[in-house]
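Each chain, letter by letter, is given below.
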Protein chains: 4
Amino acid sequence: MSGSVYGNIFKIATWGESHGKGLGVVIDGCPAGIPLKEKDIQKDMDRRRPGSTRFGTKRQEGDEIEILSGVFEGKTTGTPISLVLYNQDQRSRDYSDIQNIYRPGHADMGFDSKYGFRDYRGGGRSSGRETAARVAAGAVAKKLLSELGVKVNAYTLSIGDVKAEKISLEECKNNPLYMPDSAAAERASRLLEKVMEDGDSMGGIIECRIKGMPIGIGEPVFDKLDASVAKAIMSIGAVKGIEFGDGFGAALSRGSVNNDGFYMKGSKIKKHTNHSGGVLGGFSDGADIVFRAAFKPTPSISKIQKTITNTGESTEVVIMGRHDPIVVPRAVVVVEAMAAVTLADLLLMNMSARIDNIKKFYS
Amino acid sequence: MSGSVYGNIFKIATWGESHGKGLGVVIDGCPAGIPLKEKDIQKDMDRRRPGSTRFGTKRQEGDEIEILSGVFEGKTTGTPISLVLYNQDQRSRDYSDIQNIYRPGHADMGFDSKYGFRDYRGGGRSSGRETAARVAAGAVAKKLLSELGVKVNAYTLSIGDVKAEKISLEECKNNPLYMPDSAAAERASRLLEKVMEDGDSMGGIIECRIKGMPIGIGEPVFDKLDASVAKAIMSIGAVKGIEFGDGFGAALSRGSVNNDGFYMKGSKIKKHTNHSGGVLGGFSDGADIVFRAAFKPTPSISKIQKTITNTGESTEVVIMGRHDPIVVPRAVVVVEAMAAVTLADLLLMNMSARIDNIKKFYS
Amino acid sequence: MSGSVYGNIFKIATWGESHGKGLGVVIDGCPAGIPLKEKDIQKDMDRRRPGSTRFGTKRQEGDEIEILSGVFEGKTTGTPISLVLYNQDQRSRDYSDIQNIYRPGHADMGFDSKYGFRDYRGGGRSSGRETAARVAAGAVAKKLLSELGVKVNAYTLSIGDVKAEKISLEECKNNPLYMPDSAAAERASRLLEKVMEDGDSMGGIIECRIKGMPIGIGEPVFDKLDASVAKAIMSIGAVKGIEFGDGFGAALSRGSVNNDGFYMKGSKIKKHTNHSGGVLGGFSDGADIVFRAAFKPTPSISKIQKTITNTGESTEVVIMGRHDPIVVPRAVVVVEAMAAVTLADLLLMNMSARIDNIKKFYS
Amino acid sequence: MSGSVYGNIFKIATWGESHGKGLGVVIDGCPAGIPLKEKDIQKDMDRRRPGSTRFGTKRQEGDEIEILSGVFEGKTTGTPISLVLYNQDQRSRDYSDIQNIYRPGHADMGFDSKYGFRDYRGGGRSSGRETAARVAAGAVAKKLLSELGVKVNAYTLSIGDVKAEKISLEECKNNPLYMPDSAAAERASRLLEKVMEDGDSMGGIIECRIKGMPIGIGEPVFDKLDASVAKAIMSIGAVKGIEFGDGFGAALSRGSVNNDGFYMKGSKIKKHTNHSGGVLGGFSDGADIVFRAAFKPTPSISKIQKTITNTGESTEVVIMGRHDPIVVPRAVVVVEAMAAVTLADLLLMNMSARIDNIKKFYS
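Enquirer: So what exactly am I meant to see when it comes to the interface of chain D and chain B here?
Expert: A common measure of how large an interface is: the accessible area buried when the components associate. Facing the 23 residues of chain D at the interface are 23 residues of chain B. Across the interface of chain D and chain B, roughly 2,200 Å² is buried in total on both sides, 71% from carbon and sulfur atoms. Among the residues of chain D in contact with chain B, D:Met351, D:Ile355 and D:Tyr362 are the three that bury the most area, contributing 32% of the side total. Applying the counting criterion to the chain D and chain B interface returns two salt bridges. Ionic pairing is found between B:Glu147 and D:Lys359, a salt bridge with its closest N-O pair at 3.0 Å.

Pasting the structure below:
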């Protein structure tokens, strides 16, 4: 069944495989009148692009995004925006020797079981490369959000047991790990060097912070803000967990500590603390929305692993290819993208909540 | 916008407020021919029912479920199943004094901001009582799953810092906390007694384990099994985080450890370990599906809290009502319900994956 | 698969069978703040209610609608509105003798083929009684539309070959056929008396006219206004065709005749003619929206018909029950309801079309 | 709001404008294992392609379809299929003089009202050229249907008052009007020559006949087969009406005539007549599905028309461009496409109707 279409009002349909002709996304339901140029999207593509750092795959892709429809005279027209990215450095040869092998930690077996066969070149549709289309969609969603004063920023909170102690968004741009703390970034680099020497890989955590969301966004009881974002983020390949605000820490806490007291600051409602992570009862509560996503270590490693073939024979596999020892740094912009797409949708969904506003709109 | 309808093929629409006439759910898309009686549903309703333990609200509700449609001669007909539950012990008076107050940790402010006013009686639609309709839907989904050999079981993994050390599903029924470890249950009871004396509340963690799922269930790239379940579970009132398998622990791990090696056991594909929690690349991988959800402490506490009124005045609030000091034990069956509804939907969604199966179906 | 849920933002889920406990609808996504009382809905229920005229079924039902949720202090709250209608005069006996017979013109065979068995009492879910839930939903949609100045009126245009020559909405209330022309109504009555004597039934056409729709409503390219309304209307049991404006007549016309020229009347855009029926390119064009739906004759007749049983034996059937010789008069309010539900949804969908309006909304 | 995504399980997202870079469609939810080559699609593209007959636009487009994803080693993989078609002969100049004029019978005014501005080049998204993407999607849907023995064939039933008297699918290929009757085709050609001399255009009717549908397809009560097809067909630009079986004729008929009696032919259920057009109660009934769609005359004519500019000035317009004097012949394949996409979806939706079949599927 259709699983590559996401969203209600702001809807995206992504397509493309790692080693096919290209990847892309159709964005349907983007409001008309938003200024949009290819470079608005390209700058996010470049953050995800392979080949940029020594901690990422060596695959070289220009990842040049092209707008094929939905923009006229520099503005969105309200009709579907089609974005495409052609693959260049495909080197399918790398994968021919593992076409019959189920790589541990990968979706190979799932694809074969479900569909009867699979595009084995580089993971096909289950490749991390699939996220390029998400990033393109996210860049458009961010343009929409920026018109409404909403900002989405993610960063690498931790790599293995190395955790950022301070959060400086500025600092993220200075290190290839997108860590907001230069000292931690240095320690994490050393850790990753060691991991790479071992032919191994490492997990990590991305934190995302959204500023400027109006109060009351989210649709109870199933399309709550946090529930919707959770699905979006968990749908990213290597994510194994998500938490908002105090998250799993809240399970250890008491109500008298965990509750955030309200107060007024001028005409604005504020909270003394933000244990909730900006979401109460599924609605944005006016505070920063804060969530964290746990990424497992890249399953592609060059250590010997025991596994089976698609005909059930025991075998060993050493994955050579060109793989990231850690997906986290390149996934930062993917997390932003999926959050942005979801929030854009929820902001539009909220517009029909009250008849007084609807009457004003149509008068 | 519509936020109380959930699912694709197996679709549910819930309705009802804490202190309105009742609650219910319409289940549309349930296959025909499943044996269904009210008592199949009632036994799950009873697990969630208020008034059953000293750690739950004192509100007394029979919570008798009634099937209004979609069942004929003891079997589902394939048409919508309407289930209703009438409220009895409503005592609206308890709430009249807080109708203008924004209770910390509650959705009061969100509802007022979004809709312009709210049903202030007992939390209205944001009450935990809303989950009764989810449980009813879940009981029907479980009947469907049981026809396919799939079993969903959740239990209280931890309350505050008291964690179950062993997992015995049988033991869950012996203690009011639904903990699978009697010694832990006893320690947790003592902890809760103390918390209640303080007029405070406590958080905890629920773990859920699903057995018998066929391989390959889940629809990439957005409707992955884990992403779909994550949304379902995060949409439950007090949940602040969810993780699958090693979850946040995977962020500290290495690929060589985290990858689960495959092997054959007879004609079945098995894994040596289950770090993945039964989900690889968004598909079920044949191992048990295991996830944990973190619940915050109940926000309703009888300690004095500082807050504001809906007109922005500073005030203090002491919440008297009849509240659970911890939501976890009664939420166990809600977690099962939302997992069951989601898995039922994904199992049906999977049926159109391959043309060979479709041809067989129609021949 | 779920087929009883309809709409995007303003979404309805109907349930219930002819001879089950009752029928109802859950309306999710209705904006908050709309004044709503049971009598607002009841007046439309009464227009559809059986037992009111000699040209309708003799079944007696109070059809008293009850609001179970979503309304507080006389206004919609933005949460799901559950409406229920309990069956009273069920007389299942009438149907026991045809439980194994496939009535010509009915869905009996379809239900058995699809679901393996069926609720044979009075057509079960395929009974015309199912439309009671649609009427209830439509009454709420009309309340929403009336807040925006949109009016939906349908009437019986023709019964067999007797066609209304003039359109007076006032006159509709004066005759049991809801015809807008008293002379035609009289002729049609005589025709129907004759048809009833013959134990036969008759078809007819309903016309619907919507006034006050803003320009630009409808979502290209698939959710066009006319396409959306067409689905809604064609989903009503006995409808076999729908046309907008000149409809099938346009197929005989030339562009120079069929095109409606624009002109200005003050600051309003007007058209000299309305061959389009108020829809151009899928958008409302500011003129009255006009469509017609063709209803087949009621399939339940008391004449002898040849048919088969569910085991493939040849047989004859005479349908006694209590059936309408024509469905058209009672279907008038059903047509209004489905149009209203669809237009309400499209009006809400339109709100996110332009970023300038969205910015104004959120500023 | 998103209006260019259509379908439930077999879902399509179309994009592209008349004079943009190209057009295309993403098909999500197509089952894996269907043989698919570009030429399978191209042959339908060629039937719709401009420039092929003297009764169509003179615009020259190769309309070469390219498969960008979702097919591996000649078979669909179950992942999204992206199809693209680049525009070549765009000649935007033709349109610059009418960028501020509201052409009668066109969607210009609707686009401006809804979105604040429009892509005025050749109708932008409201151009008939948009249907190229539908045809591409339809060709894939037909491949799926052919695997299940279902055949979809449409033809020109009438042009103006010239109607085909006999139906020979073979004959359709012999005349540029796709009429199934050579004598009628000749008369219609003469009529169109006259219309073109007048600088005018003509309407017509397309009939579609589907063979081989299993019984019981369609999802009551809103996603009935006929309701779903009606939406799909009415969403095609110039369609003003649709009817199934006897259609509007049924409104003049009696039950004793209109009901189709059942009988057995071997082990198959058959009907003596097919007044229903193959749909009873929203389910396929085993007979051929037959429907007709009424197309209005092309609104672009070279006769002088009175209209207004987008600033409300009165003006006259003569539309030069390269337009079809009649859309019907080229729309035949579009009707087939939208029917095929809808039926493919409904066939997949039907698979979850019965638990016995589901159990067999998963055993």
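Enquirer: Please explain the relation of the copies chain D and chain B as it appears in this structure.
Expert: Related by rotation about an axis and a shift along that axis, the two copies of the chain form a pair. Taken as rigid bodies, chain D and chain B are interconverted by a rotation of 180° and an axial shift of 0.0 Å, the fit giving an RMSD of 0.0 Å. Here the transformation between the copies is reduced to the relation of a two-fold axis. Across chain D, the smallest distance between a C-alpha and the rotation axis is recorded for D:Met351, namely 3.5 Å. Take the interface residues of chain D: 100% of them recur as interface residues in chain B, which is what a same-surface contact looks like.

Enquirer: Mind showing me how you'd approach the pairing of strand β7 (residues 81-86) of chain D here?
Expert: Within a regular beta strand, the side chains point alternately toward one face of the sheet and then the other, so they alternate between its two faces. Residue and element names in this part refer to chain D. Counting buried positions over the six residues of β7 gives five, a clear majority of the element. Sheet topology note: the strand β3 (residues 22-28)/β7 ladder contains six bridges and is antiparallel. Across the sheet, valine 25 pairs through a bridge with leucine 83, a residue of β7.

Enquirer: Please explain the interface of chain A and chain B as it appears in this structure.
Expert: Counting residues at the interface gives 107 residues for chain A, matched by 106 residues for chain B. Of the roughly 8,300 Å² buried between chain A and chain B on both sides combined, carbon and sulfur atoms contribute 62%. For the pair chain A and chain B, the number of links is eight salt bridges. Of the charged contacts, one joins A:Arg254 and B:Asp198 as a salt bridge, the two residues approaching to 2.8 Å between their closest N and O atoms. Joining chain A to chain B, the criterion identifies 43 residue pairs in polar contact (both at pLDDT 80 or more). Looking at which element gives the most residues to the side of chain A that touches chain B, the answer is helix α3 (residues 108-115) of chain A, with seven residues. Classifying every residue of the side of chain A that touches chain B by side-chain character gives 47 nonpolar, 35 polar and 25 charged. Relative to strand β11 (residues 239-244) of chain B, strand β11 (residues 239-244) of chain A runs antiparallel, the two being bridged by three bridges. Its bridge partner lying in β11(B), A:Glu243 is registered against B:Gly241.

Enquirer: Honestly, the sheet that holds strand β4 (residues 66-67) of chain C in this entry has me stumped. Any pointers?
Expert: In any sheet, the strands associate via hydrogen bonds between backbone groups, in a parallel or an antiparallel arrangement. Residue and element names in this part refer to chain C. Pairing is antiparallel across the open sheet formed by five strands, whose spatial order is β1-β2-β3-β7-β4. Bordering the open sheet on either side are β1 (5-6) and β4, each of which pairs with just one other strand. Inspection of the sheet shows β4 paired to strand β7 (residues 81-86) by two bridges, in the antiparallel sense. From the neighbouring strand, glutamate 66 faces β7, where its bridge partner is valine 84. Of the strands in this sheet, β2 (11-16), β3 (22-28) and β7 touch helix α4 (residues 131-147), which is tilted by about 35° from β3.

Enquirer: What is the right way to look at the relation of the copies chain A and chain B in this model?
Expert: Between chain A and chain B, the superposition needs a rotation of 180° and an axial shift of 0.0 Å, giving an RMSD of 0.0 Å. Interface overlap between copies: 99% of the residues of chain A at the interface are likewise at the interface in chain B, consistent with a symmetric, same-surface contact.

Enquirer: Quick question: what am I supposed to make of the pattern of salt bridges here?
Expert: When charged atoms on two side chains of opposite charge get close, those side chains can pair. Counted according to the given criterion, the structure contains 116 salt bridges over all chains. Across the pair B:Arg129 and B:Asp63 runs a salt bridge whose closest N-O atoms are separated by 2.8 Å. Note that B:Arg129 is positioned in the loop between α3 (108-115) and α4 (131-147) and B:Asp63 in the loop between α1 (38-48) and β4 (66-67), a separation of 66 residues in sequence. Grouping residues by exposure puts B:Arg129 and B:Asp63 together as buried. One salt bridge in this structure joins D:Arg47 and D:Glu336, with 3.0 Å as the shortest N-O distance. Within this pair, whereas D:Arg47 is found in helix α1 (residues 38-48), its partner D:Glu336 is found in helix α9 (residues 328-349), the two being separated by 289 residues in sequence. Assessed through its relative accessible area of 22%, D:Arg47 is described here as partly exposed. Taking the relative accessible area as the measure of exposure, D:Glu336 reaches 2% and is therefore buried. When salt bridges that share partners are traced, they join A:Lys194, A:Asp198, A:Asp200, A:Lys303 and B:Arg254 into one network.

Conventions we followed
Residues numbered from 1 in each chain as written. Chains lettered and ligands numbered in written order. Predicted model: local features only at pLDDT ≥ 70, side-chain atom pairs only at ≥ 80, totals over all residues. Heavy atoms only, no water. Contact = heavy atoms within 4.5 Å. Buried area = accessible area lost by both parts, 1.4 Å probe. Salt bridge = Lys/Arg side-chain N within 4 Å of Asp/Glu carboxyl O. Least-squares fit on C-alpha atoms with pLDDT ≥ 70 in both. Buried < 20%, exposed > 50% of the residue type's maximum accessible area, 1.4 Å probe, protein only. Helix = DSSP H or I, 4+ residues; strand = E, 2+ residues; numbered from the N terminus. Pairing = 2+ DSSP bridges. Polar contact = N/O pair within 3.5 Å; in protein donor to acceptor, adjacent residues only side chain to side chain. Nonpolar A, V, L, I, M, F, W, Y, C, P; charged D, E, K, R; others polar. Axes fitted to C-alpha atoms, helices over the stretch in contact; angles between N-to-C directions.

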